[in-house]
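# Breakdown of the fold
Spelled out from the first residue to the last, the chains are:
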Amino acid sequence: MSTGPGADSAPVHKPTLKTRGRGETFSSLGIRNYRLFFTGAIVSNTGTWMARITQDWLVLSLTGSAAAVGITTALQFLPMLLFGLYGGVIADRYPKRNLLLVSQAALGLCGLALAVLTLSGSVQVWHVYLIAFLLGMVTVVDNPARQAYVAEMVGPKQLRNAVSLNSANFQSARLVGPAVAGVLIAGVGSGWAFLLNGLSFIAPLVSLLLMRTSELHKVERAPRGKGQLREGLRYVAGRPDLIWPIALVGFVGTFGFNFPIWLTAFSEEVFHVGAGTYGFLNTLMAAGSLVGALAAARRGSTRLRMLVIAAAVFGVLEIAAALSPAFWMFALLLVPIGMIGLTVNVTANSAVQMATDPAMRGRVMSLYMMVFAGGTPIGAPLLGWVTDTYGARVGFATGGVISLAAAGVIGLVLARVGGLKMAFGWRHGHPQVRFVARERLATAA
């Protein structure tokens with residue numbers, strides 16, 4: 001873990017960040033504060049997934065327009081693109097536990113407001129737009145504070161495991177939340193799903209209040225002052241081991257993660273299946289993501305080489321799925337796509353956090369989230385246009401090609417910065433790609 005500012009604190013010629021030996025999958029749950037955090041998060045994450053599905057259904061029922069659903073999604077992610085870096089400055093400046101108490105309460109109030117509007121029968125589409133934008137504004141602070149607070153709860157040795165378990169937590173809720181939302185929408189109406197989502201935020205609030213602050217890993221907070229945003233950008237710009245993983249996850253997140261567009265298009269235009277099968281495809285991807293998160297939790301190190309290879313494999317799998325002639329082949333490929341996509345996210349997230357000085361972590365993680373999630377308002381309309389104009393297969397393949405190309409280019413850049421070259425060979429009868437030192441390659445020749 002880097003302990004000082006600047007490139008000298010994390011030499012770029014070692015693109016491998018050791019965190020701990022191979023341990024138990026759930027080892028970080030042995031820490032009381034993180035166990036409380038994890039428990040509260042799984043309740044609120046389930047509510048969040050319920051609200052996402054219900055929100056889209058509500059907008060569609062109010063307008064009859066898929067474009068209106070896209071506008072709602074864009075409004076929710078737009079604040080991260082516009083103001084994400086400022087959220088990182090706030091996260092570095094103030095106690096993260098206090099920030100999370102405020103942000104989680106605000107998220108719950110947004111859910112309750114939408115529930116009241118819906119249950120009273122007075123909801124209009126502009127209400128949903130406004131609340132979606134407010135949710136996005138809250139997450140500008142909530143995301144970097146929550147990401148950086150994990151390190152304070154578990155410390156550097158358990159950070160990678162905790163990041164992976166956070167992803168597993170989110171994907172587990174993704175399996176349950178939409179199913180519960182569907183039952184509620186059909187049985188009692190959308191308003192009750194929003195109500196349960198608003199109430200679900202009581203769980204993380206209670207978990208934060210029950211934490212023992214004396215057991216947190218102390219992190220020096222950034223003092224209030226001018227130029228902190230520029231300081232964060234200069235810090236990342238001077239660290240190739242930070243900027244290139246963030247750039248790679250930005251390309252993959254912006255162009256390779258547009259699954260709502262592609263799965264809908266494949267369901268309707270290519271394979272002509274119903275809404276039930278569309279839900280099944282989402283479940284397959286969520287199951288793959290959950291497996292990827294649990295597998296990442298068992299790994300004892302974060303390697304930039306793994307990030308590059310995973311991003312390349314992710315692109316290849318998307319291209320293969322786009323060209324799949326049969327529905328069963330397309331459906332089966334969604335499982336490894338979910339698994340490898342999650343591996344890209346977890347590996348980049350933990351690599352960036354482990355290489356960042358604690359006092360800068362909020363700003364760096366806000367940049368990470370701005371690039372990863374904030375690209376949605378850019379990538380979704382662009383890939384949506386490609387999909388509408390040239391068809392679902394071309395749209396899906398385009399996302400895969402961009403992800404593969406980004407992995408190739410950034411992999412070569414990281415190898416060059418680290419004084420490495422790609423070496424191709426065979427091991428146990430299988431092809432293998434490795435990064436080795438130029439001197440070692442020359443000696444072997």
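Structural notes, computed from the coordinates. Just so you know, these numbers come straight off a predicted model, no measurement behind them. (Residues numbered from 1 in each chain as written. Predicted model: local features only at pLDDT ≥ 70, side-chain atom pairs only at ≥ 80, totals over all residues. Heavy atoms only, no water.)

## Some words on the nonpolar core
Core analysis: the biggest nonpolar cluster contains 56 residues, and Leu 248, Phe 259, Phe 330, Ile 337, Tyr 368 and Phe 396 have the highest contact counts within it. Of the residues forming this core, the biggest block, eleven residues, is contributed by helix H13 (residues 327–355). Apart from residues lying up to four places away in sequence, Ile 337 is in contact with Phe 259, Met 285, Phe 314, Leu 317, Glu 318, Ala 321 and Phe 396. Grouped together as the second largest cluster of nonpolar side chains are 31 residues, Leu 100, Met 153, Leu 165 and Leu 342 included. (Core = buried A, V, L, I, M, F, W, Y, C linked by side-chain atoms within 4.5 Å. Buried < 20%, exposed > 50% of the residue type's maximum accessible area, 1.4 Å probe, protein only. Helix = DSSP H or I, 4+ residues; strand = E, 2+ residues; numbered from the N terminus. Contact = heavy atoms within 4.5 Å.)

## Remarks on helix H14 (residues 361–372)
Residue pairs spaced three or four apart in an α-helix point in one direction, given the helix's 3.6 residues per turn. With twelve residues, H14 extends 16 Å between its outermost C-alpha atoms, agreeing within 8% with the 16 Å of an ideal straight helix rising 1.5 Å per residue. Counting buried positions over the twelve residues of H14 gives eleven, a clear majority of the element. If you check which residues of H14 are buried, you get Arg 361, Gly 362, Arg 363, Val 364, Met 365, Ser 366, Leu 367, Tyr 368, Met 369, Met 370 and Phe 372. (Expected span 1.5 Å × (residues − 1).)

## Points about the packing of helix H5 (residues 159–187) against H13
At their nearest, the axes of H5 and H13 sit 9 Å apart, and the two run at 145° to each other. The hand of the H5/H13 crossing is right-handed. Note on element contacts: H13 touches H5 through Leu 342, Val 346, Thr 347, Asn 349, Ser 350, Gln 353 and Met 354, opposite Leu 159, Arg 160, Val 163, Ser 164, Ser 167 and Gln 171. A breakdown of the residues in the contact of H5 with H13 according to their chemical character gives five nonpolar, seven polar and one charged. (Axes fitted to C-alpha atoms, helices over the stretch in contact; angles between N-to-C directions. Left-handed = near helix turned anticlockwise from the far one by under 90°. Nonpolar A, V, L, I, M, F, W, Y, C, P; charged D, E, K, R; others polar.)

## Notes on the side chain of Ser 167
On the secondary structure map, Ser 167 appears in helix H5. By relative accessible area, Ser 167 is classed as buried at 14%. Among all residues touching Ser 167, those that are not within four sequence positions of it are Ala 293, Leu 342 and Val 346.

## Brief notes about the pattern of salt bridges
Tallied over the full model, the rule gives six salt bridges. Across the pair Asp 92 and Arg 363 runs a salt bridge, and its minimum N-O distance is 2.7 Å. Taken together, the residues Asp 92 in helix H2 (residues 66–93) and Arg 363 in helix H14 connect sequence positions 271 residues apart. A relative accessible area of 1% places Asp 92 in the buried class. The residue Lys 96 makes a salt bridge to Glu 152 at a minimum N-O spacing of 3.2 Å. Of this pair, Lys 96 sits in helix H3 (residues 96–119) while Glu 152 sits in helix H4 (residues 125–154), and the two are 56 residues apart along the sequence. Look at Glu 152 and you get buried, because its relative accessible area is 11%. It is possible to trace a salt-bridge network through shared partners that takes in Asp 92, Glu 231 and Arg 363. (Salt bridge = Lys/Arg side-chain N within 4 Å of Asp/Glu carboxyl O.)

## Focus on the environment of Phe 194
Within the secondary structure, Phe 194 is located in helix H6 (residues 190–200). Separated by 146 residues in sequence, Phe 194 and Thr 48 place their C-alpha atoms 9.0 Å apart. When neighbours within four sequence positions are excluded, Phe 194 is seen to be in contact with Ala 51, Thr 54, Gln 55, Leu 58, Gly 111, Leu 114, Ala 115 and Thr 118.

## With respect to unusual backbone geometry
The backbone of His 272 sits at a positive phi, close to 55°, despite the residue not being glycine. Examined against the element boundaries, His 272 turns out to sit in the loop between helix H10 (259–270) and helix H11 (275–298). For His 272, a relative accessible area of 61% corresponds to the exposed category.

## Some remarks on H5
For H5, built from 29 residues, the straight-helix expectation of 42 Å at 1.5 Å per residue is met to within 8% by its first-to-last C-alpha distance of 42 Å. The sharpest bend along H5 measures roughly 25° and falls at Arg 174, with the proline Pro 178 sitting one to four residues further on. Phi turns positive, to about 110°, at Gly 189, one or two residues after H5. (Bend = angle between axes of the 7 residues up to and from the residue.)

## A word on the packing of aromatic side chains
Centre-to-centre distance and the angle between the planes together describe a pair of aromatic rings. Counted by the stated rule, this structure contains 19 aromatic pairs. Seen from their ring centres, Phe 251 and Phe 255 are 6.4 Å apart, and the 25° between their planes marks the pair as stacked. You can see Phe 251 and its partner Phe 255 sitting in helix H9 (residues 240–256), four residues apart, about one turn around the helix. We classify Phe 255 as buried; its relative accessible area is 15%. Their ring planes at 80° and their centres at 5.4 Å tell us that Phe 271 and Phe 327 sit as a pair that is edge-to-face. You can see Phe 271 sitting in the loop between H10 and H11 and its partner Phe 327 sitting in helix H13, a full 56 residues away along the chain. Residue class for Phe 271 comes out buried when judged on its relative accessible area of 15%. What links up through ring pairs into an aromatic cluster is the set Phe 257, Phe 259, Trp 262, Phe 266, Phe 271, Phe 314, Phe 327, Phe 330, Tyr 368, Phe 372 and Phe 396. A cation over an aromatic ring shows up here: Arg 52 above the ring of Trp 49, its NZ or CZ 4.7 Å from the ring centre. (Phe/Tyr/Trp six-rings, centres within 6.5 Å; stacked < 30°, edge-to-face > 60°. Lys NZ or Arg CZ within 6 Å of the ring centre and 35° of its normal.)

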